[in-house]
Amino acid sequence: SRAIGYGKGALIFHMLKNLVGEEVFYKSLREIVDKKRFQKASWDDFKDIFERNSNKDLGYFFTQWIDEKGIPDISIEKTSVKAKGNKFEISLDIVQKGKTYSLEIPLTIYYLDGEKSEQIINIDSERKDFNFIVDNEPQRIVIDENYDILRRLSEEELPPVIGMIMAKECPTIALPVSKNEIYEEIINTFKEKGCELKEHKDIKHRDLKDSSVIIFGNDNPLIERLFGRSESVDAGFSLLVKRNPWNYKKGIGIINAISKDEIDLAYRKVTHYGRYSVVAFEKGKNTIKKTFETKRGIIEELRSFPLFVDTTLI
């Protein structure tokens, strides 16, 4: 009820303001307050006043956002860039998966020279193609980077969090290579759930693609195999979660502790920190809780750059 009543409700008003403009939006709200003071106001009251003041038919807006369930699921497909004389033509398809909505979507084009341009595109079908002629060479396009519309977030926009590896699904367990005895109690809880326990050398590519993985110990070679040189957390007990590089929908959790006492004091509290990417404890007291930053908006790179390897590190 909180997500629908407050979260969705707030975004509906935000989208309505963008649709009718700030002047009409605040004028209409003042009118509703004056007319419905100390009375119940319905969504039809809002619709009637906003339609009259904006001189727009907003029936579709209130129907899809108030009367019906669901949220849009948007993606970008079939992007291309072609030189057109001294200009460039960008082509792309905007696709809606599942239910079709009528949407005004903010689109930003970033250019190689560091400049950007913004515009609003309209879509009311399952798929719609767009073509833009621009003066500068584009680097990437971004859909809704400021979260102006209610929509399902892409995987790249969702941070890796503890909740994604501690949910119902059983992760693969990469057993520790040292200090085995201090992790024994945690490992047994995963074993009782039916999770697969494996030595790091026995974890195959298939295991990494099929499930989330929890790695025990900052010295576990599987960490370097997955991430190369990876940061570690200096604490009595820590749990750090990253995206699984072989399956972006899954997570890689790294549990590290310096003693069984630190585990006993901290581990039972971890489930209360499900929305964080990394937590750390000292003697049971939380010292770090952080959610990693993610990309904003649905991003499509139009120009890729070559990767370089620092050979001095090899």
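Residues numbered from 1 in each chain as written. Predicted model: local features only at pLDDT ≥ 70, side-chain atom pairs only at ≥ 80, totals over all residues. Heavy atoms only, no water.

Quick notes on the side chain of E262
Here E262 shows up in helix α8 (residues 260-266). Here E262 is buried and forms no salt bridge, its nearest opposite-charge partner K283 lying at an N-O distance of 4.7 Å. The contact partners of E262, leaving out residues within four places of it in the chain, are G236, F237, F281, E282, K283 and G284. (Helix = DSSP H or I, 4+ residues; strand = E, 2+ residues; numbered from the N terminus. Buried < 20%, exposed > 50% of the residue type's maximum accessible area, 1.4 Å probe, protein only. Lys, Arg positive; Asp, Glu negative; His and termini not counted. Salt bridge = Lys/Arg side-chain N within 4 Å of Asp/Glu carboxyl O. Contact = heavy atoms within 4.5 Å.)

Some details on the sheet that holds strand β5 (residues 127-134)
Taken together, three strands build an open sheet; the order of strands is β1-β2-β5 and the sheet is antiparallel. The two strands at the open ends of the sheet, each matched to only one other strand, are β1 (74-84) and β5. Taking each pair of neighbouring strands and ignoring which way they run, the sheet shows an average axis angle of 15 degrees. In terms of strand pairing, β1 meets strand β2 (residues 87-96) through nine bridges, oriented antiparallel. Bridging from a neighbouring strand, S80 pairs with S91 of β2. (Pairing = 2+ DSSP bridges. Axes fitted to C-alpha atoms, helices over the stretch in contact; angles between N-to-C directions.)

Observations regarding the pattern of salt bridges
Per the counting criterion, the structure on display carries 20 salt bridges. Residues joined in a network through salt bridges with shared partners are E31, K35 and R52.

Some remarks on helix α2 (residues 22-35)
Taking 1.5 Å as the rise per residue, α2 with 14 residues should run 20 Å; its terminal C-alpha atoms sit 20 Å apart, in good agreement. The complete set of buried residues in α2 reads V24, F25, S28, E31 and I32. Looking straight down α2, one finds its buried side chains confined to an arc of 130 degrees; they lie on one side. Residues of α2 that are exposed and angled more than 90 degrees away from the buried face: E23, R30 and D34. (Expected span 1.5 Å × (residues − 1). Arc of directions from axis to C-beta.)

Quick look at the nonpolar core
Across soluble globular proteins, you tend to see nonpolar side chains buried next to one another. Residues F61, L92, I94 and I105 are the most contacted members of the largest nonpolar core, which totals 38 residues. If we skip the residues at most four places from it in the chain, I105 touches I74, I94, Q119, I120, I121, I123, I143 and I149. (Core = buried A, V, L, I, M, F, W, Y, C linked by side-chain atoms within 4.5 Å.)

Remarks on the layout of surface pockets
Counted as a void, the largest pocket has a volume near 300 Å³. Taken together, 15 residues line the largest pocket, and the ones lying closest to its centre are I74, S154, E155, E156 and I298. Those elements giving two or more residues to the lining of the largest pocket turn out to be β1 and β14 (298-301). Here the lining of the largest pocket takes four residues from β14, the largest share from any one element. Here the residues of the lining of the largest pocket are counted per class, giving four nonpolar, three polar and eight charged. Estimated volume of the second largest pocket: approximately 210 Å³. Every residue lining the second largest pocket is counted, 14 residues in all, and those nearest its centre are M15, N18, L19, E104 and I149. Looking at the lining of the second largest pocket, the elements with two or more residues in it are α1 (2-20), α4 (59-67) and β3 (103-111). The biggest single contributor to the lining of the second largest pocket is α4, with four residues. Looking at the lining of the second largest pocket residue by residue, the classes come out as nine nonpolar, three polar and two charged. (1 Å grid on protein atoms, 1.4 Å probe; cavity = no way out; pocket = protein on both sides within 12 Å on 5 of 7 lines; lining within 4 Å. Points joined across faces, edges and corners; volume = space filled by probe spheres on them. Nonpolar A, V, L, I, M, F, W, Y, C, P; charged D, E, K, R; others polar.)

Let's talk about the pairing of strand β11 (residues 247-257)
One face of the sheet, then the other: side chains in a regular strand alternate in exactly this way. Taken across its eleven residues, β11 has nine buried, putting it largely inside the fold. Here strand β9 (residues 213-216) pairs with β11 via four bridges, running parallel. Bridge pairing links I215 to I254 in β11. Sheet analysis places strand β10 (residues 237-244) next to β11, joined by eight bridges and oriented antiparallel. Within β11, the position partnered with L240 by the bridge is I254. Between β10 and β11, which follow one another and run antiparallel, lie two residues.

Things to note about the environment of S75
As for its position among the elements, S75 is in strand β1. Ignoring any residue separated from it by four or fewer positions in sequence, one finds S75 in contact with D93, I94, V95 and K97.

Digging into the packing of aromatic side chains
Per the stated rule, a full pass over the model turns up 14 aromatic pairs. Between F61 and F62 the ring centres are 5.5 Å apart and the planes differ by 75 degrees, which places this aromatic pair in the edge-to-face class. F61 sits in the buried class, given a relative accessible area of 4%. One aromatic cluster in this structure is built from F13, W43, F46, F61 and F62. We note R140 situated over the ring of Y110; from NZ or CZ to the ring centre the distance is 4.1 Å. Above the face of the F227 ring, K242 is positioned so that its terminal group lies 4.6 Å from the ring centre. (Phe/Tyr/Trp six-rings, centres within 6.5 Å; stacked < 30°, edge-to-face > 60°. Lys NZ or Arg CZ within 6 Å of the ring centre and 35° of its normal.)

Observations concerning the sheet that holds β9
Strands sit in the order β8-β7-β9-β11-β10-β12-β13 across an open sheet of seven strands; the sheet is mixed. Among the strands making up the open sheet, the edge pair consists of β8 (197-198) and β13 (285-290). Running at roughly 155 degrees to β9, helix α5 (residues 184-192) makes contact with β7 (172-174), β8, β9 and β10 of the sheet.

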